[in-house]
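Each chain is listed here by its residues.
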Amino acid sequence: MGNVVQFFSNMAAPGIVMDSNHQSNYKLSKTEKKLLRKQIKARHTLLRHEGIETVSYATQSLIVANGGLGNQVSRNQLLPVLEKCGLVDALLMPPNKPYSCVRYKTVEESKTAYDTLNGKEIVDDLGQKIILYLNFVEKAQWKELGLQALPPGLKVIEEIISSEDEKMLLESVNWTEDTENQNFQKSLKHRRVKHFGYEFHYENNNVDKDKPLPGGLPDICESILEKWLKEGFIKHKPDQLTINQYEPGHGIPAHIDTHSAFEDEIISLSLGSEIVMDFKHPDGMTVPVMLPCRSLLVMTGESRYLWTHGITPRKFDTVQASKGHKSGIITSDVEDLTLNKRGIRTSFTFRKVRQTPCNCSYPLVCDSQMKETPASFPESDKEALQLEQDYVHRVYEEIARHFSSTRHTPWPHIVEFLKALPSGSLVADIGCGNGKYLGINNELYMIGCDHSQNLVDICRERQYQAFVCDALAVPIRSGSCDACISIAVIHHFATAERRVAALQELVRLLRPGGKALIYVWAMEQEYNKKKSKYLRENRTSQGMKEEISNDASVQELLVKQLPNVGNQDSAHSVSSINDFQDGGCNSKNVANSKLPIHTNRTSFHSQDLLVPWHFKGNPGKDKRVEPFGPLGSRDPGPVFHRYYHVFCEGELEAACRTLNNISILQSYYDQGNWCVILQKV
């Protein structure tokens, strides 16, 4: 991945913000006081959310809050402003962060920038006003990381056609032709699309192989494909074409083209404007790849069958600033990143329809080779129980050790709840997992229970009190607990009735006045313009864990958020069971509907779904492991699917209100979860 800066470690303790123009007895004006407050707020925000510590004395390096790629400030825009104050030795701009770091040749030049640019207003690439706040930091430390590779089987061929051919192809697309034509334009939420050869059906992500469209592929494409075949750029002649037109700010959700629908080789020609396409490995590792105008993307093997590909909806892409860089990986070399404004892009994606079942090397993610019948929405309590047995209980029993190795950091609000309970309280953790909350407060008498014997064994190895039971029938005397917690448990129950029964069991255990804290996964993984940690966590290279998405909590405090363009609707979204709807989702019970399989680290498009768990190894006690094999691994390990019902806003609270003898003390959203604190009255 080239040179990556590891910012600001081993810093001196932050002190009062220095202003070289003012003596300590100087009385600040109202404007200066306001600037100082904003500057200190930016400093505290960077420390709290990014771990960046500023110092109270002048250095060569300055952190420039609000002057980052993450809030649409490009290198070409910021660098001239900084150079007016002195000779810039380096400008470091981390991808998607709302700050940058500048290093001057001398301390004096850095002090000049500090005095001159603090509170300076600039206009970003969207025309919005942004105010810069600068603070001194110690010398940045450099860390060498290995170069990142393209996903196996992926290649990008630049200038595959001439500008004249590009013009002819674009002019050949008639977006206004008569709708009686079977190839007429389809209207999707964020793009225009036309199909040739076979129509792609977005409701099932497949084609009807028995109903080819009349006319085949356009004549202009036939000659180009023959040329590519002859020159060895492609191995098979396609028979299906999808043309998409993307406006700036639009995108397409991460997906894998259906294995059973198309052959190995999938190719896509980019016309009109370059774009950055994100490729994601099942373990969450993301590789951003630049697709220049008139380039051909070829996906075969692992990149076609195992990695998802998608385009993030945004108006600017983070790209390499160096002029020689065109196609390929966008590295995180923070000295060579800037912003590139998107234009209108038209893609010609060619595929060959598969006539026989897929026999690829990835049977665990191949719809042709999956042996199990996909899970369906339960229509009875018996079916719900079986669904939970197959897609919750059995799975956690299998993955217990691996699951435990990824669950080691307690969530702050839950810790706060437990530490606020009176000394000597008896507390039950229903669905305690590996027991990470059982030892939070030694002043409490805590006992845990879980359906998984293997998870309970881990609790006992850690010297915690825990036992195996069903969360709907906990063998503890009624009214004996001062408090209960249920963290990430109730969303595993497959019907609304069973979810309410689990809530009722918590209330049964409480004494009058006792409190319960309940967390469930939220449908809304982006709330109040903030992305949850689940969406923000991406791994950008092997051996390195670093978030490359916007840290919305930082960005909100440093600068007003840009309008949210939102995420694309998925091609296939299934309604869900929900008897406690409160205006958030229009969900309903759909008989005989298959449960969709969720793509990890993406927004939810269905309330009831299966979430993959990519199993890796068999770690020993408390040993942390990576959730998937190394990049390019041909043996990714088994994939288990866990059933979830993700809750819409107001749904958990509405379910709690159906219970007798309770009052809701607090209802809130916490990092992608809906949470309720209730009290038994």
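The rules behind each value
Residues numbered from 1 in each chain as written. Predicted model: local features only at pLDDT ≥ 70, side-chain atom pairs only at ≥ 80, totals over all residues. Heavy atoms only, no water. UniProt positions renumbered as here; feature names shortened; annotations may be inferred. Helix = DSSP H or I, 4+ residues; strand = E, 2+ residues; numbered from the N terminus. Buried < 20%, exposed > 50% of the residue type's maximum accessible area, 1.4 Å probe, protein only. Contact = heavy atoms within 4.5 Å. Disulfide = S-S within 2.5 Å. Pairing = 2+ DSSP bridges. Right-handed = clockwise from strand over helix to strand, strands pointing away. Axes fitted to C-alpha atoms, helices over the stretch in contact; angles between N-to-C directions. Nonpolar A, V, L, I, M, F, W, Y, C, P; charged D, E, K, R; others polar. Core = buried A, V, L, I, M, F, W, Y, C linked by side-chain atoms within 4.5 Å. Left-handed = near helix turned anticlockwise from the far one by under 90°. Salt bridge = Lys/Arg side-chain N within 4 Å of Asp/Glu carboxyl O. Arc of directions from axis to C-beta.

In the nomenclature of an unreviewed UniProt entry, the protein chain corresponds to tRNA (carboxymethyluridine(34)-5-O)-methyltransferase ALKBH8 from the organism Bos taurus. Note on the protein chain: under the UniProt heading Sequence similarities (unreviewed entry), the record states "Belongs to the alkB family." One UniProt comment on the protein chain, placed under Subunit (unreviewed entry), says "Interacts with TRMT112."

Now for the side chain of N673. Note that N673 resides in strand β35 (residues 673-680). Exposure remark for N673: the relative accessible area of 7% places this residue in the buried category. Those residues in contact with N673, other than ones at most four positions away along the chain, are W411, Y519, V520, W521, A522 and Y668.

Next up on the list: the state of the cysteines. All chains considered together, the criterion is met by zero disulfides. We note that C358 lacks a disulfide partner, and the nearest cysteine sulfur, in C360, lies 3.6 Å from it. Summary of cysteine pairing: C481 is not part of a disulfide, and the nearest cysteine sulfur, belonging to C484, is at 4.4 Å.

Another aspect to go through is the pairing of strand β26 (residues 445-450). As defined by bridge partners, strand β25 (residues 426-430) adjoins β26 across five bridges and the pair is classed as parallel. For D429, the partnering residue across the bridge sits in β26 and is G448. In this structure, β26 lies alongside strand β27 (residues 466-468), joined through three bridges in parallel fashion. Directly across from G448, in β27, lies its bridge partner A466. Crossover β26 to β27 through helix α9 (residues 453-461) is right-handed.

Okay, the sheet that holds β35 next. On the basis of which strands lie adjacent, the open sheet formed by seven strands has the order β27-β26-β25-β28-β29-β35-β34 and mixed pairing. Each end of this open sheet is capped by a strand with a single partner; those strands are β27 and β34 (662-670). Neighbouring strand axes in the sheet, compared pairwise and without regard to direction, differ in orientation by 15° on average. In the packing of helix α8 (residues 412-419) onto the sheet, the strands contacted are β25, β26, β28 (481-487), β29 (510-521), β34 and β35, and the crossing angle to β29 comes to about 170°. Relative to β29, helix α10 (residues 496-509) is tilted by about 150°, and along the sheet it contacts β25, β28, β29, β34 and β35.

Between helix α7 (residues 381-405) and α9, the least distance of the axes is 7 Å, while the angle of their chain directions is 35°. Facing α7, whose interface residues are Y396, E397, A400, R401, F403 and S404, α9 presents Q453, N454, L455, I458 and E461. Tallied by class, residues from the contact of α7 with α9 come to five nonpolar, three polar and three charged.

Inside soluble globular proteins, nonpolar side chains tend to come together where they are buried. By size, the foremost hydrophobic cluster in this structure holds 34 residues, and its most contacted members are I518, C656 and L678. When contributions to this core are tallied by element, the ones reaching two or more residues are β25, β28, α10, β29, α13 (651-657), β34 and β35. Considering each element in turn, this core owes the most residues, six residues, to α10. Non-local contacts of C656, meaning those with residues more than four positions away in its chain, are made with L503, I518, I662, I664, V676 and L678. The next biggest cluster of nonpolar side chains, apart from the first, holds 30 residues, and it includes A384, I399, L535 and L595.

Now for the packing of helix α4 (residues 163-172) against helix α5 (residues 219-231). It is at 10 Å that the axes of α4 and α5 come closest, and there the two elements cross at 145°. As α4 runs across α5, the sense of the crossing is left-handed. Counting all contacts with α4, which are made through M168, L169 and S172, the residues of α5 involved are I220, C221 and I224. Residue classes in the contact of α4 with α5 are distributed as five nonpolar, one polar and no charged.

We now examine the sheet that holds strand β4 (residues 99-104). Pairing within the open sheet is antiparallel, and its four strands lie in the order β3-β4-β2-β7. The sheet terminates laterally at β3 (88-92) and β7 (133-137), the two strands that pair on one side only. Strand-to-strand twist in this sheet, taken as the mean axis angle between neighbours without regard to direction, amounts to 25°. Sheet analysis places strand β2 (residues 61-65) next to β7, joined by five bridges and oriented antiparallel. Counted as the bridge partner of I63 is N135 from β7. This element, helix α2 (residues 75-83), spans β3 and β4 of the sheet and lies at about 145° to β3. The sheet contacts of helix α3 (residues 107-117) involve β2, β4 and β7, and relative to β7 the element is tilted by about 155°.

Glancing now at the pairing of strand β19 (residues 296-299). Along β19, one buried face is formed by L296 and V298 and the opposite face, lined by L297 and M299, is buried too. Across four bridges, strand β9 (residues 154-157) lies against β19 in antiparallel orientation. Considered in β19, the bridge of K155 is made with V298. Relative to β19, strand β16 (residues 266-271) runs antiparallel, the two sharing four bridges. Bridge pairing in β19 links I266 to M299.

Within this structure, the stated rule accounts for 16 salt bridges. Taking the shortest distance from any N to any O, the salt bridge between E263 and R354 comes out at 3.4 Å. Here E263 is found in the loop between β15 (252-255) and β16, whereas its partner R354 is found in the loop between β24 (345-351) and α7, with 91 residues between them in sequence. The class of E263 is partly exposed, set by a relative accessible area of 24%. One salt bridge connects E505 with R508, and the closest N-O pair in it is separated by 2.8 Å. With E505 and R508 both in helix α10, this residue pair falls three residues apart, about one helical turn.

To continue, consider α3. Of the positions making up α3, those classed as buried are E109, S110, A113, Y114 and L117. Looking straight down α3, one finds that the buried residues subtend no more than 145° of arc, so they occupy a single side. Trailing α3 by a residue or two, G119 shows a phi angle of about 85°, which is positive.

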